[in-house]
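An overview of the molecular structure
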Amino acid sequence: AGVGFDAVDLEAATRHGVAVTTTPGANHHAVADQTLAFLLALARSVFTFDASVRAGRWERFSPPSLKGATLGIIGFGRIGQSVAQRARGFELQLLAHDPYADSDRARELGVTLVPLEALLRSSDFVSLNCLVTEETRGLINCNTLALMKPAAMLINTARGELVEEAALVEALRAGRLAGAALDVFAVEPLPLDSPLRTLDHVIFAPHIAGLDSLSFHLMTQMAA
């Protein structure tokens, strides 16, 4: 139930005559909603302010403006397009990278298609919305992180294998990246000893981006 099939051994399934299906179009709206929730929480320092007030403090500062910031979307399929559609309402500048992108749909949504390097260099927020393939596994690594702005923030609601977590931890600790919001991880559940847990400028969710009441109904219905 979902669009990713990277957890399935397709060769073994084929040898045993087992059909493998997915449920495309059932949960892209939910993933896009979670992506925007993460983006707003990062941009407005929601959890930082929440923790401050809960601790009895009254610390105020001005977060960077969301209006006019640049969102880079890696993967411009159903989910990436839904993210772009929602982000337009916040007056973000929209970039996308996808070798197979629908250029007409990109123009319709006001999205500029660019090479990956250009997207990483220009974006204030980078959202991962692509599948895991041999080409995309470890896409976010020490080399690609080095291209990003120090004030940039990473959002991953796709697959943990897209990110080399050790490189992400290093970049966050060194101040070469301002923050991250992660719904997915290389190992799930996230191990208790993961160094990601020690970082206070990272927001977590337990791989729930694709789930809401509507998507759950649609995925189970389509699978059946």
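See above for the structure.
No experiment lies behind these values; they were computed from the predicted model shown.

Moving on, we come to the overall build of the protein chain. Helix and strand counts for the protein chain stand at nine helices and seven strands. In terms of overall dimensions, the protein chain has C-alpha extents of about 60 × 45 × 35 Å along its principal axes. A burial count over the protein chain gives 45% of its 224 residues as buried. Within the structure as shown, the protein chain displays about 12,100 Å² of accessible surface, and the carbon and sulfur contribution to it stands at 55%. Of the charged side chains in the protein chain, 18 are positive and 24 negative, and the gap between their average positions amounts to 7 Å.

Further remarks concern the nonpolar core. Judged by nonpolar contacts, the single largest core of 32 residues is most densely connected at Ile74, Leu154, Leu168 and Leu177. At the level of elements, helix H6 (116-122), strand S4 (125-128), helix H8 (165-173) and strand S6 (179-182) are the ones that each hand at least two residues to this core. Among the elements that line this core, the one with the most residues is H8, at five residues. Among residues more than four places away in sequence, those in contact with leucine 177 are Leu145, Met148, Lys149, Pro150, Ala152, Leu154, Leu168, Ala171, Leu172 and His201. By size, the runner-up hydrophobic cluster in this structure holds 30 residues, among which are Val31, Ala41, Ala87 and Phe125.

Inspection of the secondary structure puts arginine 121 in helix H6. For arginine 121 and arginine 57, which are 64 residues apart along the polypeptide, the C-alpha to C-alpha distance reads 36 Å. Dropping the residues within four chain positions of it, arginine 121 is found in contact with Leu147 and Lys149.

Below, the discussion takes up the sheet that holds strand S2 (residues 93-97). The sheet built from seven strands is open, its strands ordered S3-S2-S1-S4-S5-S6-S7 with parallel pairing. Each edge of the open sheet is held by one strand with a lone partner, namely strand S3 (111-113) and strand S7 (202-204). Within the sheet, the average angular offset between the axes of one strand and its neighbour, ignoring direction, is 20 degrees. As paired elements, S6 and S7 share three bridges and run parallel to each other. Bridge pairing in S7 places alanine 181 opposite isoleucine 203. Here helix H4 (residues 78-87) sits on the sheet in contact with strand S1 (70-74), S2 and S3, set at roughly 165 degrees to S1.

The term disulfide refers to a covalent linkage connecting the sulfur atoms of a pair of cysteines. All chains considered together, the criterion is met by zero disulfides. No disulfide involves cysteine 130; its sulfur sits 18 Å from the nearest other cysteine sulfur, which is in cysteine 142.

Here we come to the packing of helix H2 (residues 28-43) against H4. The contact between H2 and H4 brings their axes to 8 Å, and the two run at 50 degrees. When the axis of H2 is compared with that of H4, the two are oblique. Regarding H2 and H4, the two cross each other, and that crossing is right-handed. In contact with His28, His29, Val31, Ala32, Asp33, Thr35 and Leu36 of H2, H4 contributes Arg78, Ile79, Ser82, Val83, Arg86 and Ala87. Looking at the contact of H2 with H4 residue by residue, the classes come out as six nonpolar, four polar and three charged.

Moving on, we come to the side chain of arginine 159. Relative to the helices and strands, arginine 159 resides in the loop between strand S5 (153-156) and H8. Here aspartate 6 takes part through its side chain, which lies 3.1 Å from a polar atom of the side chain of arginine 159.

On to the pairing of S1. Of all five residues making up S1, five are buried, and the element is well covered by its neighbours. The alternating pattern of S1 places Thr70, Gly72 and Ile74 and Leu71 and Ile73 on opposite faces, both of which are buried. Alignment of S1 against S2, held across five bridges, turns out to be parallel. Residue pairing in the sheet places glycine 72 in a bridge with leucine 95 of S2. Each parallel crossover has a hand, and for S1 linked through H4 to S2 it is right-handed. Relative to S4, S1 is paired through four bridges, and the arrangement is parallel. Counterpart to isoleucine 73 in the pairing with S4 is serine 127.

Reading the values: rules and limits
- Residues numbered from 1 in each chain as written.
- Predicted model: local features only at pLDDT ≥ 70, side-chain atom pairs only at ≥ 80, totals over all residues.
- Heavy atoms only, no water.
- Helix = DSSP H or I, 4+ residues; strand = E, 2+ residues; numbered from the N terminus.
- Buried < 20%, exposed > 50% of the residue type's maximum accessible area, 1.4 Å probe, protein only.
- Areas by Shrake-Rupley, 256 points an atom, 1.4 Å probe, with all protein chains shown as cover.
- Lys, Arg positive; Asp, Glu negative; His and termini not counted.
- Charge placed at Lys NZ, Arg CZ, Asp CG, Glu CD.
- Core = buried A, V, L, I, M, F, W, Y, C linked by side-chain atoms within 4.5 Å.
- Contact = heavy atoms within 4.5 Å.
- Pairing = 2+ DSSP bridges.
- Axes fitted to C-alpha atoms, helices over the stretch in contact; angles between N-to-C directions.
- Disulfide = S-S within 2.5 Å.
- Parallel < 35°, antiparallel > 145°, perpendicular 65-115°, else oblique.
- Left-handed = near helix turned anticlockwise from the far one by under 90°.
- Nonpolar A, V, L, I, M, F, W, Y, C, P; charged D, E, K, R; others polar.
- Polar contact = N/O pair within 3.5 Å; in protein donor to acceptor, adjacent residues only side chain to side chain.
- Right-handed = clockwise from strand over helix to strand, strands pointing away.

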